[in-house]
Amino acid sequence: ATGANLRLTYNDSNGSAANYADLSTSSIGGLTITSAGTNPKTLVVNNNSASSTGNIFEAQDNSTAVFTIADGGNVGVGITPTSLIKLNVAQSDTTNGSTGINILHNGAVTGGGYGYGLSVVKSGASSNNIAASFSASGGTNNTAVWVTAGDVSISGAAEPNKLIISQTNTTNGSTGATITHSGAVAGGAGTGLSVVKSGASLNSYGLSVATSGASTN
């Protein structure tokens, strides 16, 4: 190693070890770790005390923790990790368009397959399994889910429809969709379901409803 470097080696007796890590500093004090060898792990942080409950890793910005891996492996980004949340992310920026998490998948999936920007699975023998929970509150207008482009399919196939809901449950009382508006609207109109079909179509349907299947009712 040359320059502002510190080299840590493994089983080195004459300075020719092939497995090593170089620690180097930049002119502004940044630290770079460069590893070499067979399948090297550049950095391993191990809290090896059985009685310790301190954080495994903590990155700070101006002495404030911004990324923390707690004892047990739970992660906090912008917030202290908690025991019940594997990844906890908090965003306090007030700039227009600020986002807690942004996920981008822009790879061209070939062969007729599917590309998923986000896939969420909840399994296990729980009393109630919920794959995703969304909540919006505190604003003038609160929207829990906003689909800006693309269609929505709920247990349905990919079809040229904006919203597809498919229900195959045979239990008595099972329902494809339920809409409830129970708010007391003051001085205006409250709508449980509003359907508008416009445009110069050959046949226009505001709402098309069909029932089928060997149900008693």
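Residues numbered from 1 in each chain as written. Predicted model: local features only at pLDDT ≥ 70, side-chain atom pairs only at ≥ 80, totals over all residues. Heavy atoms only, no water.

J.: How would you sum up the sheet that holds strand β3 (residues 31–36)? Please name residues and give values.
T.: In space, the three strands of this open sheet follow the order β1-β2-β3, with antiparallel pairing throughout. Each end of this open sheet is capped by a strand with a single partner; those strands are β1 (5–9) and β3. This sheet shows a mean twist of 20° between the axes of neighbouring strands, independent of strand direction. In terms of strand pairing, strand β2 (residues 20–25) meets β3 through six bridges, oriented antiparallel. By the bridge assignment for β3, Ser24 is matched with Thr32. (Pairing = 2+ DSSP bridges. Helix = DSSP H or I, 4+ residues; strand = E, 2+ residues; numbered from the N terminus. Axes fitted to C-alpha atoms, helices over the stretch in contact; angles between N-to-C directions.)

J.: Can you break down a nonpolar patch on the surface residue by residue, with the values?
T.: A contiguous nonpolar surface patch, about 510 Å² in accessible area, is contributed by Ile179, Leu193, Val195, Leu207 and Val209. Turning to its location among the elements, Val195 is positioned in the segment after β9 (163–165). (Patch = residues over 30% accessible without salt bridge, like charges linked within 9 Å, V, L, I, M, F, W, Y side chains within 5 Å. Areas by Shrake-Rupley, 256 points an atom, 1.4 Å probe, with all protein chains shown as cover. Salt bridge = Lys/Arg side-chain N within 4 Å of Asp/Glu carboxyl O.)

J.: Report on the layout of surface pockets, specifying residues and quantitative values.
T.: Empty space within the largest pocket amounts to approximately 820 Å³. Lining the largest pocket are 14 residues, and of these Thr99, Gly100, Ile101, Leu118 and Phe134 lie nearest its centre. For the lining of the largest pocket, the per-class residue count stands at eight nonpolar, six polar and no charged. Taken as a whole, the second largest pocket spans an internal volume of roughly 640 Å³. Every residue lining the second largest pocket is counted, 13 residues in all, and those nearest its centre are Tyr116, Gly117, Leu118, Val147 and Ala149. The residue makeup of the lining of the second largest pocket, split by class, is nine nonpolar, four polar and no charged. (1 Å grid on protein atoms, 1.4 Å probe; cavity = no way out; pocket = protein on both sides within 12 Å on 5 of 7 lines; lining within 4 Å. Points joined across faces, edges and corners; volume = space filled by probe spheres on them. Nonpolar A, V, L, I, M, F, W, Y, C, P; charged D, E, K, R; others polar.)

J.: Tell me what's going on with the pairing of strand β4 (residues 57–61), and back it up with residues and numbers.
T.: Bridge count for β4 against strand β5 (residues 64–69) is five bridges, and the pairing is antiparallel. Residue Glu58 lies in a different strand from β5, and its bridge partner there is Thr68. Between β4 and β5, which follow one another and run antiparallel, lie two residues, and Asn62 among them has a positive phi close to 55°.

J.: Kindly report on the sheet that holds β5, identifying the contributing residues and their values.
T.: In space, the four strands of this open sheet follow the order β4-β5-β6-β7, with mixed pairing throughout. A single partner strand is all that each edge strand has here, and the edge strands are β4 and β7 (87–89). Recorded for the sheet is a direction-independent mean angle of 20° between the axes of neighbouring strands. Pairing of β5 with strand β6 (residues 75–77), which is carried by three bridges, proceeds in the antiparallel orientation. Within the sheet, the bridge partner assigned to Ile69 lies in β6 and is Val75.

J.: Provide a residue-level description of the side chain of Asp22, including the pertinent values.
T.: Structurally, the position occupied by Asp22 is in strand β2. Exposure remark for Asp22: the relative accessible area of 11% places this residue in the buried category. Only 2.7 Å separates the side chain of Asp22 from the side chain of Arg7, close enough to count as a polar contact. (Buried < 20%, exposed > 50% of the residue type's maximum accessible area, 1.4 Å probe, protein only. Polar contact = N/O pair within 3.5 Å; in protein donor to acceptor, adjacent residues only side chain to side chain.)

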